[in-house]
Amino acid sequence: MTQDELKQAVAAAAIAYVVDGEIIGVGTGSTANFFIDELAKIKHRIKGAVASSEATAARLRGHGIEVHDLNEVDAIAVYVDGADEITSTGAMIKGGGAALTREKIVASVAAKFVCIADGSKLVDTLGRFPLPVEVLPMARAAVMRRLAALGGQPKLRLKSGGADAFITDNGGQIIDVAGLSIADPVALEVEINQIPGVIAVGLFALRGADVCLLGAGGGVRTLTF
């Protein structure tokens, strides 16, 4: 199976976790887009969705799915999103699509977090994928020095094909930190969160996944944490 076919398979499998009559949290990225397309087929069964990015909101609306502001929502039954890496304990690196802050907020409200990913995303130790950290622009250099002191190799994320910094939906900038081997993701998440100027770190360990649907050649594998 191709990578897109694996993403399609896990997106379809995630529909089983959708709760009828409720609002669904939806992540950002290529795998989440496959889920949105599947969700559109059963949109009559849900109240609507909360989006983790402007791009996701636009895709949901394009399918005729009502998008709710999180401030107007009391509860989210399930949040479905992809991951750049995930361990066998449900800790993840997310943020390759630059939506880590809003993804983290929506996930924190959801009763259940369902991660959907192809099998290559399952790792023993997080850190092969550069860790995204969203920062206030004025704090970029100071935060990069702190991240380097932790043993990482921080690099400012630039716009595609350009020399200017990539700007998130929140007006922040992204620092991608390579060279980390994250043995204790909870401790590192706490430590980076405490650096002044950090908006959010792409470690999802304090609130990791409850379920992961992994796509492989033999079908969809379900991990529960």
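Structure shown above.
Scoring rules and cut-offs
Residues numbered from 1 in each chain as written. Predicted model: local features only at pLDDT ≥ 70, side-chain atom pairs only at ≥ 80, totals over all residues. Heavy atoms only, no water. Pairing = 2+ DSSP bridges. Helix = DSSP H or I, 4+ residues; strand = E, 2+ residues; numbered from the N terminus. Axes fitted to C-alpha atoms, helices over the stretch in contact; angles between N-to-C directions. Contact = heavy atoms within 4.5 Å. Salt bridge = Lys/Arg side-chain N within 4 Å of Asp/Glu carboxyl O. Buried < 20%, exposed > 50% of the residue type's maximum accessible area, 1.4 Å probe, protein only.

Moving on to the sheet that holds strand β7 (residues 131-135). An order of β8-β9-β7-β10 is seen for the four strands of this open sheet, with the pairing classed as antiparallel. Each edge of the open sheet is held by one strand with a lone partner, namely β8 (153-156) and β10 (198-201). Between one strand and the next, the sheet's axes are offset by a mean angle of 30°, whatever the strand orientation. By the bridge criterion, three bridges tie β7 to β10 in an arrangement that is antiparallel. Following the sheet pairing, Val 133 is matched in β10 by Val 201. Here helix α6 (residues 185-193) sits on the sheet and contacts β7 and β10; the angle it forms with β10, its principal contact strand, is near 165°.

Using the criterion set out here, one finds 11 salt bridges in the structure. A salt bridge links Glu 85 to Arg 128; its shortest N-O distance comes to 3.9 Å. In this pair, Glu 85 sits in strand β4 (residues 85-86) while Arg 128 sits in the loop between β6 (110-118) and β7, placing the two residues 43 residues apart along the sequence. Of the residues examined, Glu 85 reaches a relative accessible area of 2% and is grouped as buried.

Moving on: helix α2 (residues 30-40). Judged by how many residues are buried, α2 sits mostly within the fold: eight of 11 residues are covered. Among the residues making up α2, those that are buried are Thr 31, Ala 32, Phe 34, Phe 35, Ile 36, Glu 38, Leu 39 and Ala 40. Looking at the buried residues of α2, the elements they touch are α1 (3-14), β1 (23-26), α3 (54-62), β3 (76-81) and β6.

Remember, this is a structural readout, not a statement about activity or role.
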